[in-house]
Amino acid sequence: MAAQPGGMIVILTGAGISAESGLGTFRDLGGIWQQVRLEEVATPEAFARDPAYVQQFYNARRAQAGAVEPNAAHLALGELQRALGDGLMLVTQNVDDLHERGGAKAVHMHGSLFSALCAACGARHPWAGDLGNGEMCAACGQPALRPDVVWFGEMPHHMAEIEEALGVATLFVSIGTSGQVYPAAGFAQLARKAGAETLELNLEATGGPFDRVETGLASEIVPTFVASVIKAHAR
Ligand code: APR
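Residues numbered from 1 in each chain as written. Predicted model: local features only at pLDDT ≥ 70, side-chain atom pairs only at ≥ 80, totals over all residues. Heavy atoms only, no water.

1. What about helix α4 (residues 51–66)?
Helical periodicity: at 3.6 residues per turn, an α-helix aligns residues three or four positions apart in one direction. We count it as follows: Strands are runs of DSSP state E lasting at least 2 residues, helices are runs of H or I lasting at least 4, and numbering of each runs from the N terminus. Here the expected span of a helix is defined as 1.5 Å times the quantity of residues minus one. A simple rule labels every residue: compare its accessible area, found with a 1.4 Å probe on the protein chains alone, to the largest value its type can have, and call it buried under 20%, exposed over 50%, or partly exposed in between.
Under the 1.5 Å per step criterion, the end-to-end length of α4 is 22 Å for 16 residues, consistent within 8% with the ideal 22 Å. Every buried residue of α4 is listed here: Val54, Gln55, Phe57, Tyr58, Asn59, Arg61, Arg62 and Ala65.

2. Points about the side chain of threonine 25
Test applied: Under the rule applied, a polar contact is a pair of N or O atoms within 3.5 Å (in protein, one hydrogen donor and one hydrogen acceptor; residues adjacent in sequence only if both atoms are side-chain atoms). Here a residue-residue contact requires only that any non-hydrogen atoms of the pair lie within 4.5 Å.
Mapped onto the secondary structure, threonine 25 falls in the loop between β1 (8–13) and α1 (32–35). Take threonine 25: its relative accessible area is 12%, and that puts it in the buried class. Reaching out from threonine 25, the side chain makes a polar contact with the side chain of aspartate 28 at a distance of 2.7 Å. Excluding anything up to four places from it in sequence, threonine 25 contacts Ala15, Gly16, Ala19, Gly31 and Ile32.

3. Remarks on the site of the ligand
In plain terms, the rule: Think of it this way: one heavy atom of a residue within 4 Å of a molecule or strand is enough to make that residue near it. To be clear on the numbers: accessible area is Shrake-Rupley with a 1.4 Å probe, and residue cover counts the displayed protein chains and nothing else. The rule is simple: put a 1 Å grid over the protein atoms alone, call a set of points where a 1.4 Å probe fits but cannot get out a cavity, call an open set with protein on both sides within 12 Å along at least five of seven lines a pocket, and count a residue as lining if it has an atom within 4 Å of a point. In this scheme, a molecule is assigned to a cavity or pocket if more than half of its atoms are within 2 Å of the grid points. Only Asp, Glu, Lys and Arg are considered charged, only Ala, Val, Leu, Ile, Met, Phe, Trp, Tyr, Cys and Pro nonpolar, and every remaining residue, Gly among them, polar.
Neighbouring the ligand are 23 residues; Phe26, Arg27, Trp33, Thr177 and Ser178 lie closest to it. Within the side chain of glutamate 20, an N or O atom sits 3.0 Å from a nitrogen atom of the ligand. Serine 178 is positioned such that a nitrogen or oxygen atom in its side chain is 2.6 Å from an oxygen atom of the ligand. Against a free-state accessible area of 730 Å², the protein chains account for coverage of 94% of the ligand. Spatially, the ligand is embedded in the largest pocket. Class assignment for the residues of the shell around the ligand results in 9 nonpolar, 10 polar and 4 charged.

4. Points about the sheet that holds strand β5 (residues 124–126)
The line we're drawing: Between any two strands, pairing holds if DSSP finds at least two bridges. Helix axes use the C-alpha atoms of the stretch in contact, all axes being lines fitted to C-alpha atoms, and the angles between their N-to-C directions lie in the range 0 to 180 degrees.
If you walk across this open sheet you meet the 3 strands as β5-β4-β6, and the pairing is antiparallel. Where the open sheet ends on each side, the last strands, each with one partner, are β5 and β6 (145–149). For this sheet, the mean angle separating the axes of adjacent strands, direction not counted, is 40 degrees.

5. Overview of the pattern of salt bridges
As a reminder, the rule being used: The rule for a salt bridge is simple: a side-chain nitrogen of Lys or Arg has to be within 4 Å of a carboxyl oxygen of Asp or Glu.
Applying the stated rule across the entire model yields 8 salt bridges. With a shortest N-O distance of 2.8 Å, arginine 146 and glutamate 154 are connected by a salt bridge. Residue classification places arginine 146 among the buried residues on the basis of a relative accessible area of 9%. With relative accessibility at 25%, the residue glutamate 154 sits in the partly exposed group. A network of salt bridges, in which partner residues are shared, links Arg37, Glu39 and Glu40.

6. Let's talk about the layout of surface pockets
Short version of the rule: Grid points are joined across faces, edges and corners, and a volume is the space filled by probe spheres set on the points.
In this structure, the largest pocket spans a volume of roughly 950 Å³. Per element, the largest residue contribution to the lining of the largest pocket is 4 residues, and it comes from α4. When its residues are assigned to classes, the lining of the largest pocket shows 24 nonpolar, 18 polar and 7 charged.

7. Some thoughts on the sheet that holds strand β7 (residues 169–175)
The 6 strands lie next to each other as β3-β2-β1-β7-β8-β9, forming an open sheet whose pairing is parallel. Each edge of the sheet is formed by a strand with only one pairing partner; in this case those strands are β3 (107–108) and β9 (212–215). Relative to β9, strand β8 (residues 197–202) is paired through 4 bridges, and the arrangement is parallel. Residue pairing across strands places glutamate 200 opposite valine 213, the latter belonging to β9. Strand contacts of helix α7 (residues 159–168): β1, β2 (88–92), β3 and β7, with the helix running at about 120 degrees to β7, the strand carrying the most contacts. Helix-sheet contacts for helix α9 (residues 218–234) involve β1, β7, β8 and β9, and the interaxial angle to β8 is about 150 degrees.

8. Quick notes on the nonpolar core
Selection criterion: Throughout, nonpolar core names a set of buried Ala, Val, Leu, Ile, Met, Phe, Trp, Tyr and Cys residues whose side chains join them through atoms within 4.5 Å.
In this structure, Ile11, Leu77, Leu80, Val173, Val222 and Phe225 are the most contacted members of the largest nonpolar core, which totals 23 residues. Only β1, α5 (72–84), β2, β7, β8 and α9 provide two or more residues apiece to this core. Per-element accounting of this core gives the leading share, 6 residues, to α9. Excluding its chain neighbours within four sequence positions, the residues that come into contact with valine 222 are Ala73, Ala76, Leu77, Ile175 and Leu201. By size, the runner-up hydrophobic cluster in this structure holds 20 residues, among which are Leu23, Ile32, Phe57 and Ala65.

9. Observations concerning the pairing of β8
The side chains of a regular strand alternate, residue by residue, between the two faces of the sheet. The element β8 is largely enclosed, with a buried count of 5 among its 6 residues. Sheet topology note: the β7/β8 ladder contains 5 bridges and is parallel. Paired with phenylalanine 172 across the strands is threonine 198, a residue of β8.

So, in C-alpha cells, the structure goes:
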C-alpha cells in the first residue's frame, strides 16, 4: 500500500523497531516490564521515592542503547525521509537514538535517553554518560537533573504537532508497537477519522483499527514498505 504521491504520511514507531538491534521491548515475553516493575522506575513517584534506583535504570538503558546499531528498518526510514522530506512525519515512542543514527529525524514523544532534564528550571542538556544522583544543572546550578524521559502520568511531548499531522495524513503507519499506551495508541483512530488509510507493520497483529496489517520482522517488512512508497512517489 502506498500513500498518494504528495499525500502526508505519518509513521509511529515503538520498541519493536529496535528489537533486532538488541534493545528490549516492554511487553514481549521477557520484556522490560517483566524484569522490573514500571511503578518502580517509570513514574514521578518512583523518582521521588528512590532517585538513585531510577537513575541507575536509565543509565543502564542509555549505555545499552549507545552500544547497539540501527537496523535495516531504521535505515529504510532514513531513506524514506530523505525521499519525502516534509511529506513524512516520523513519530517515535522510543527513547533510543537509533532513528537518528539511521539517518532520520524523529519526533520523540516520550523523550530521549540522550538528554537530561532539569527538574528545577526545565533546561535540557545533551547527555551521553551516566546521570548521577543530584547532578548539577549547568543552566541554574541546582542539583536537579533527571532523565529526559516521559514517565507514566506525565504529558508526552509534541502532541499538538502530531495531532495536526494526523489530521491531514493520507497514510498512517504503525511499526513495532503493541498499541497499549495512550495517547500513541489512539493515533490510528485519529488518522482514520481524518480519512487516512492505516497500516500496521508488526511482528504480530495487535487488533488495532488498521485497514491493512503486514506481520513480520521490522528489518524485513519495513524496507519492503519503504521501497514501495518510494517507487510510487517517483512516478
Ligand atoms: N519486528 C517488528 N515488531 C516487533 C519485533 C520485530 N523484530 N519485535 C517485537 N515486535 C513488536 C511486538 O509484537 C509488540 O507488538 O513490537 C511491539 C512492542 O510492544 P511493546 O513492548 O509494548 O513496546 P511499545 O509499544 O513501544 O510500548 C509503548 O509503553 O512502557 C511504555 O513508554 C514505554 O514507549 C513505551 C510504550
